[in-house]
Each structure stands twice: as C-alpha cells, then as structure tokens.
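# Secondary and tertiary structure notes
Take a look at the letters that make up each chain.
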Amino acid sequence: MGTLTGALPLPTFGSRATARTRVEYQNTQEGALVRRAQAGDDAAFREIVDRDQSKVFSIIHGIGRELNDVEDIAHQGFNKVYFSFGNYDYLCSLCT
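Description of the structure in this document. These figures come from a predicted structure and were not determined experimentally. (Residues numbered from 1 in each chain as written. Predicted model: local features only at pLDDT ≥ 70, side-chain atom pairs only at ≥ 80, totals over all residues. Heavy atoms only, no water.)

### Description of the overall build of the protein
This is how it is decided: Every helix listed is a DSSP run of H or I at least four residues long, and every strand listed is a run of E at least two residues long, numbered separately from the N terminus. Buried means the residue's accessible area, taken with a 1.4 Å probe over protein chains only, is under 20% of the maximum for its type, while exposed means over 50%, and partly exposed covers the values in between. By definition in these notes, contact holds between two residues if any of their heavy atoms fall within 4.5 Å.
Assigned secondary structure in the protein consists of three helices and zero strands. Its helices and strands taken in sequence order, the protein reads α-α-α from the N to the C terminus. Counting all 96 residues of the protein, 21% fall into the buried class. Contacts spanning at least 24 positions in sequence make up 61% of the contacts within the protein whose residues lie at least 6 apart.

In structure tokens:
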C-alpha cells in the first residue's frame, strides 16, 4: 500500500481545535423579521420570501430540476419555514 499524498488533514479535537464564533441572529434585521412573522405579520414573511427566494431557486435549480419542480420544491420549503417559526432559535440564519 502506498501513502496518500495531497490528502486533506483530519479535523482537530480538544484543546487544539479552533473555536468557531457563534452568531446570534436575534439582534439582526433577519431576527426582527422573524419576530414580526412569529407575531403573525404576513408582510414580514413576504419580505423574507422576497429576500431569499432567488437564492433558494438557484440552489434547487442547480440540482437539475425542471422549472415547475423548482417552483414546487421552493414553495414547499417556504411553507416549512412559515410553519416552523415557532421553533426558530436564532442560532442560525434562515438562508445559509
């Protein structure tokens, strides 16, 4: 057996691991939109959709689906977001 050259290094654990900075999204513009949407403000949810739909469409379309499929999948995804606002914990962005 030969050795692997150019192999990726394994991640480090313990004291050698570098700490990631955790971002709290509660005090961001996105967090404010989520709070408004949680309170039943449909305009806030519309703003979230308008802001993120092109990115969502691009990701889905990159998988190679037909346009109708892309629209259906995006619609289902935004429905899941809408009905999951009650569980949003502000530890991650809605569209990362």
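### Concerning the environment of Arg46
Among the structural elements, Arg46 can be located in helix α2 (residues 42-61). Measuring from C-alpha to C-alpha, the distance between Arg46 and Leu33 comes to 9.7 Å, with 13 residues separating the pair along the chain.

### Thoughts on the packing of aromatic side chains
Aromatic ring pairs: the centre-centre distance and the angle between the two ring planes describe each pair. What counts here: Each aromatic pair joins two rings of Phe, Tyr and Trp (for Trp, the six-membered one) with centres within 6.5 Å, and gets the label stacked for planes under 30 degrees apart, edge-to-face for over 60, and tilted for any other angle.
Summed over the entire model, instances satisfying the criterion amount to four aromatic pairs. Centre to centre, the rings of Phe45 and Tyr82 are 4.9 Å apart; their planes meet at 70 degrees, and the pair counts as edge-to-face. Linking Phe45 in helix α2 with Tyr82 in helix α3 (residues 67-84), this pair joins segments that are 37 residues apart in sequence. Take Phe45: its relative accessible area is 14%, and that puts it in the buried class. On the basis of relative accessible area, Tyr82 is assigned to the partly exposed category, the value being 33%. Residues Phe45 and Phe85 carry aromatic rings whose centres are separated by 5.9 Å and whose planes lie at 85 degrees to one another, so their mutual orientation is edge-to-face. In this pair, Phe45 sits in helix α2 while Phe85 sits in the segment after α3, placing the two residues 40 residues apart along the sequence. Among the aromatic residues, those joined into a ring-pair cluster are Phe45, Tyr82, Phe83 and Phe85.

### Here's the deal with the nonpolar core
Put simply, the rule is: As used in this record, nonpolar core signifies buried Ala, Val, Leu, Ile, Met, Phe, Trp, Tyr and Cys residues forming a set joined through side-chain atoms within 4.5 Å.
Counting residues in hydrophobic clusters, the biggest one holds 15 residues, and the most contacted among them are Val34, Phe45 and Phe85. Of all elements in the fold, only α1 (29-38), α2 and α3 reach the threshold of two or more residues within this core. Per element, the largest residue contribution to this core is six residues, and it comes from α2. With residues near it in sequence (within four places) discarded, Val34 still touches Ile48, Phe85, Tyr88, Tyr90 and Leu94.

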